[in-house]
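Understanding the architecture of this molecule
For reference, the chains in residue letters:
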Amino acid sequence: LTLVGRHLADDDDEGGGGGSPSGGSNGRLLYACVYRDDEVGAGHPATVHADALRDSPHVDVVDEIVASSLGRDDISSMLAAELRLPRRIVDRLTAQVYNRTLGHAMFVVQLLNRLVGSGIVSYSPARQRYAWDEDRLARVRTFDSVASVIVSNLTSLDGTEPLKALRVLSCLLGRADLGLLRLLESNGTLSPDGGFETNLPPLVDGGIVEVSSDSSVSFTHDLILQQVYEGMSPEERAGMHLEIGTHLGSVLRLDDREGAALEGIMADLDIESDLLSDLTGQDGGGDRPAEGRWPGSAVLVAVDQVNLAGPEFAIARDPSDPSRFARWNMIAADETTRQSSFQMSANLCKRGIDFLSLGGDPWKDATDEQRRLSRRLHEGAAGSLFALGQLDRSVGYARAVIKNMSFDDSIRAYFLLVRSLIGLSMFSEVIATGVAVFRTMGIDIPDKPTPETLYRKMKRTSELLGRYEAGEIVEMAKTATISSRTRDLLMIQDAVGLASYRQASPYLPIFGCISIQYAIENRAVCAESAVAFVYYGSFLLVISEDFAGARKAAEIARELDGDSFAQMALTGFLNLWFVPHVELCRILRDIYEHGKKVGDIYGARFSLLLHYRFAFYSGSEKLSILTKTYQMTMEKFLKYKTEGQYFIAIDISLVDSLTGCESEPYAALQGSEFPSEESLLSYLKSRKLQQSLVLLYLSRFMRSFWAGDYVEGHKHFELAEELPSFKLPTVQYLHAMFYRGLALFQTYREGNGEDYFEKGKSILETVRRWEPNCKRTFQNKFILLEAEYFASSCNIVASKESYVLSAKIA
């Protein structure tokens, strides 16, 4: 207000927010109040004061100044003048500024200051003018204050077609591909008159939505999305979710999944976008990128919309087929599993089970078709939860299938069960379950394997393999037709073999032999047979050092190209005799990366552990770097609470003994449960975790060796040697044998008796037999042991020559 006051100089009551001229009763006063329009109502102090001035007999209101919003042309002129650029160059910048501020002058200035302060707009010496980063500019969000203004104006859209479009977009969680919206235009309940695209321009001009370069439509601010969505009643929202979901499901022919290839439908529609709710997506943390795009995601949107409506609402609206939406969730879960999005897959399976459970028990109060669907959903949940490391929950879903379905219909569930039990280090239960499964099938499994039983199984398998060359067995896999049931049985055998390996159980060679015999005799050799050949080859090395037979088994396993676990076992426990450590290190890293992508989490995690272990023993990585990477890996293992965390803690303590670091890895295992290595040792003994015990004793032996305390080192080595797992092939075993030989000869030369010399000679002969298999791994070790032997035999000349040669080829 511009005021002329008759008595302003003497009237304090009318001072307002302006100033008083000095002297005279006809002074002028500018009264200014700066507030947002939506904050000023009839009772606001500024309004009351302004009205009092207008009504005052002592004041004449000469003029009222109203600050209007800036138009696009105004902003363009401002930018062109300030940046000294032609208007055509600032057009895109003008559009972004206007859309983010709606032309409110204060917001325009505020946004421009932010663009300059953050470097999005800056002077470019190369262009010799001001320029801006288009990508960063596109990511600038609408101010909360601007969004509030937009929200306050939404009431003007009541009953209009644009509001109808906004409500559909809000049910799609605020963002949708234009192609997806076009699919909805054939539904009169959902589509606004004229379609979605014709109703978008006024919404874009109003700063309510924006259309990105990838043809997706989204709200400019979450406050606007929230206001539109909550402007509908809960029943209206549920109804719209269900309408969107069922319409998309009909277009995508989800009720006729077998009659139409989903990939073909999606290709024809050319759709791939959209956000998903937490019911289907992350569930608080998951594995999907925040703005990722998934092939076939229109299917996920359809199912997600039905899930948002809720089982009770959906079934109440369409009670004709209670299994319908459970089947849709299963289809969507299969899609997400193929995309390695296991959190989404687990959520979808759980929602499918919820739909089936609405009418009662999904097992007892169900038709045969519903029971089969329930089995698939439970198996899908168990598999996805295993990939996520949620092993206890995976076990629960697998056991539900075993409890409620016949044995023949539970084979897949038995595999899922034993796989998760291995992750929980419940090896005895895995072995017992596997024995029960194969006995039920009529396969002869001895109660207590004896040396005679083992000899017969090994002899039978050796004779069978002797009839074929490695290439002939691999050819069987190329021509074999393997049922899913047979694959599951082979994988159960693999799991039982692994559990037997961990406990050094005599069932290890038994199951390896059974698996190989079954595969060859039934022409069922396949990728799932690979692990059995690894177990068999490893045992050949343990009982007879049959390197030729082991190499043949390794060749077959490699060509069968099994999963990540099979490749990890082949690389880390069998090929370590034949391939240099540095090469194995690289291969294991590749296996880890592949396993992560396909959800073979168990194989991937242990591949990473072995990668670092081979890097340590080969010297291909700096110890300081290894310490950090081991600690990062330990965090991954702690998440899954598997035996692997003990392996890493032991490895870290070994590295610490060389670097002098004090990482205290044992305290991190289970909080305060393992504050020291001794407490872990007691725990491993109580749980009879043989492989971890051997690893811990060998680690103590090597630490004592490096410290020069050979007597103490011998004690730890002999404790490891007493355990059944000792000779199972590991990289620690190979290096511990080498160090043991050195320590024995050193101890002998210190005057501790002939027994040490004879044991040293025995290890020298062992390494002599190993050396031809991989000279890069064993040759320098053999020569150094030979130097120690010559030194202990007082052959100084030969000893010196061997020392020099060993150092030369190391």
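Residues numbered from 1 in each chain as written. Predicted model: local features only at pLDDT ≥ 70, side-chain atom pairs only at ≥ 80, totals over all residues. Heavy atoms only, no water.

Further remarks concern the overall build of the chain. A count of helical and extended segments in the chain gives 38 helices and eight strands. Here the chain, with 810 residues, has 54% of them falling under the buried criterion. As displayed, the chain offers around 36,300 Å² of accessible surface, 50% of which is attributable to carbon and sulfur atoms. (Helix = DSSP H or I, 4+ residues; strand = E, 2+ residues; numbered from the N terminus. Buried < 20%, exposed > 50% of the residue type's maximum accessible area, 1.4 Å probe, protein only. Areas by Shrake-Rupley, 256 points an atom, 1.4 Å probe, with all protein chains shown as cover.)

Before going further, it helps to examine the sheet that holds strand β7 (residues 209-211). Ordered by their spatial adjacency, three strands build an open sheet running β6-β8-β7, and the pairing between neighbours is antiparallel. Every interior strand has two partners, whereas the edge strands, β6 (175-177) and β7, have only one. Strand-to-strand twist across the sheet, computed as the mean angle between neighbouring axes with direction ignored, equals 15°. (Pairing = 2+ DSSP bridges. Axes fitted to C-alpha atoms, helices over the stretch in contact; angles between N-to-C directions.)

Attention now goes to the pairing of strand β5 (residues 129-132). Here is the key point about a regular strand: its side chains alternate between the two faces of the sheet. Two elements, strand β4 (residues 121-124) and β5, share four bridges in a ladder whose sense is antiparallel. Its bridge partner being in β5, Val121 is matched across the sheet by Trp132. Between β4 and β5, which pair antiparallel one after the other, the connecting turn spans four residues, and Gln128 there sits at a positive phi close to 60°.

Before going further, it helps to spend a moment on the packing of aromatic side chains. This model, assessed by the stated rule, comprises 28 aromatic pairs. Between Phe407 and Tyr414 the ring centres are 5.8 Å apart and the planes differ by 50°, which places this aromatic pair in the tilted class. For Phe407, a relative accessible area of 22% puts it in the partly exposed group. With a centroid separation of 5.2 Å and 65° between ring planes, the pair formed by Phe701 and Phe717 is classed as edge-to-face. Placement of the pair is Phe701 in helix α33 (residues 690-706) and Phe717 in helix α34 (residues 710-721), with a sequence separation of 16 residues. Just as Phe701 is buried, Phe717 falls in that class too. (Phe/Tyr/Trp six-rings, centres within 6.5 Å; stacked < 30°, edge-to-face > 60°.)

Within the secondary structure, Ala332 is located in helix α15 (residues 324-338). For the pair Ala332 and Ser297, spaced 35 residues apart in sequence, the C-alpha separation works out to 8.7 Å. Here Ala332 is in contact with Val299, Leu300, Val303 and Leu348, once residues within four sequence places are set aside. (Contact = heavy atoms within 4.5 Å.)

It is worth spelling out the confidence of the model for the chain at this point. Chain-level statistics for the chain give a pLDDT mean of 83 and a share of 86% at 70 or above. Predicted confidence is poor over residues 6-25, with pLDDT under 50, and the contacts of this stretch with residues over four places away or in other chains come to 34 contacts. The low-confidence segment residues 264-274 (pLDDT under 50) makes 30 contacts with residues lying over four places distant or belonging to another chain. (pLDDT = per-residue confidence, 0-100.)

Three- or four-residue spacings in an α-helix give side chains the same orientation, since the helix completes a turn every 3.6 residues. Its 17 residues give α33 an end-to-end C-alpha distance of 25 Å, which sits within 8% of 24 Å, the value for a rise of 1.5 Å per residue. For α33, a buried count of 15 out of 17 residues is recorded, marking the element as mostly surrounded by other parts of the structure. (Expected span 1.5 Å × (residues − 1).)

What follows is about the pattern of salt bridges. Side chains carrying opposite charge are able to pair once their charged atoms draw close together. The full count for this structure, using the stated rule, is 34 salt bridges. For Asp409, the salt bridge identified is with Arg375, shortest N-O distance 3.6 Å. Of this pair, Asp409 sits in the loop between α18 (391-404) and α19 (411-423) while Arg375 is found in helix α17 (residues 368-387), placing the two residues 34 residues apart along the sequence. Residue class for Asp409 comes out partly exposed when judged on its relative accessible area of 33%. Where Glu593 meets Lys596, a salt bridge forms, and the shortest distance between an N and an O atom there is 3.6 Å. Separated by three residues within a single helix, Glu593 and Lys596 lie in helix α28 (residues 581-598), roughly one turn from each other. For Glu593, a relative accessible area of 28% corresponds to the partly exposed category. Each of Glu677, Glu678, Arg700 and Arg703 takes part in one network of salt bridges that share partners. (Salt bridge = Lys/Arg side-chain N within 4 Å of Asp/Glu carboxyl O.)

For the rest of this paragraph, the subject is unusual backbone geometry. With the exception of glycine, most residues fall at negative phi, and the peptide bonds are largely trans. One non-glycine residue with positive phi stands out, namely Arg253, at about 55°. By the element assignment, Arg253 lies in the loop between α11 (234-251) and α12 (262-269). Even without being glycine, Lys688 reaches a positive phi, approximately 55°. You can see Lys688 is positioned in the loop between α32 (677-687) and α33.

Closest axis-to-axis distance for the α15/α17 pair is 10 Å, and the angle between their directions is 30°. As summarised for this structure, α15 and α17 are arranged roughly parallel, according to the angle between their axes. Handedness of the α15/α17 crossing: left-handed. For the pair α15 and α17, the contacting residues are Ala326, Arg327, Met330, Asp334 and Thr337 in the first and Glu369, Leu373, Arg376, Leu377 and Ser384 in the second. Along the lines of polarity and charge, the residues of the contact of α15 with α17 split into four nonpolar, two polar and four charged. (Parallel < 35°, antiparallel > 145°, perpendicular 65-115°, else oblique. Left-handed = near helix turned anticlockwise from the far one by under 90°. Nonpolar A, V, L, I, M, F, W, Y, C, P; charged D, E, K, R; others polar.)

As a further point, take helix α16 (residues 342-357). Over its 16 residues, α16 extends 22 Å from the first C-alpha to the last, a length consistent with the 22 Å expected when each residue adds 1.5 Å. In terms of burial, α16 is largely enclosed, as 13 of its 16 residues are buried.

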